[in-house]
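Topology and contacts: notes
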Amino acid sequence: AVLKKRLVKLVVNFLFYFRTDEAEPIGALLLEHCRITKEEENVFSISFVEEPERKYCFECDSKEQCQEWIEALKRASYEFMRRSLIFYRNEIQKMTGKDPLEQYGISEEARFQLGTHKQ
């Protein structure tokens, strides 16, 4: 394993990484179908379902910063956002009796549905 110092920036569900002396990213990780794992007190890793043997490790300045990154990255996936939307849409509908997305022209047929597969 080779350690390289990189700056990272999370934008929606992409984790861009940069050389410390350059403004343009040298790459990006799409945070879908991935596993975020705490490796050590201030180290976490990202691995992907399609490539489980390849792991990207990140070292933070503190364990608190490491935990913040882990939480942010876990919330960054489309799947997490979709589940959150479904959950809050249903909660609002229970409380108000109205579909909060109806005003935006999203019909019953186009409702976001959770899959039946278990995780």
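In case you missed it, the structure is sitting above this.
All of these numbers come straight from a predicted model, not from anything done at the bench.

**Some remarks on the overall build of the protein**
Within the protein one finds two helices and six strands. Its helices and strands in sequence order give the protein the pattern β-β-β-β-β-β-α-α, from N to C terminus. For the protein, with 119 residues in total, the buried portion stands at 24%. In the protein, the share of contacts with a sequence separation of at least 24, taken over all contacts with a separation of at least 6, comes to 29%. Of the roughly 9,200 Å² of accessible surface on the protein, a fraction of 52% belongs to carbon and sulfur atoms.

**Considering the pairing of strand β1 (residues 6-11)**
With six bridges joining them, β1 and strand β2 (residues 14-19) adopt antiparallel strand pairing. Each residue of the ladder has a partner; that of Leu10, found in β2, is Leu15. Two successive antiparallel strands, β1 and β2, enclose a turn made up of two residues, where Val12 displays a positive phi of approximately 55°.

**Digging into helix α2 (residues 78-96)**
Taking 1.5 Å per residue, 19 residues should reach 27 Å; α2 reaches 27 Å between its end C-alpha atoms and fits that length. All of the buried residues in α2 are Arg82, Ile86 and Arg89. Along the long axis of α2, the arc covered by the buried residues comes to 70°, so they all point the same way. Seen from the open side of α2, the exposed residues pointing more than 90 degrees away from its buried face are Tyr88, Lys94 and Met95.

Thresholds, definitions, all that
Residues numbered from 1 in each chain as written. Predicted model: local features only at pLDDT ≥ 70, side-chain atom pairs only at ≥ 80, totals over all residues. Heavy atoms only, no water. Helix = DSSP H or I, 4+ residues; strand = E, 2+ residues; numbered from the N terminus. Buried < 20%, exposed > 50% of the residue type's maximum accessible area, 1.4 Å probe, protein only. Contact = heavy atoms within 4.5 Å. Areas by Shrake-Rupley, 256 points an atom, 1.4 Å probe, with all protein chains shown as cover. Pairing = 2+ DSSP bridges. Expected span 1.5 Å × (residues − 1). Arc of directions from axis to C-beta.

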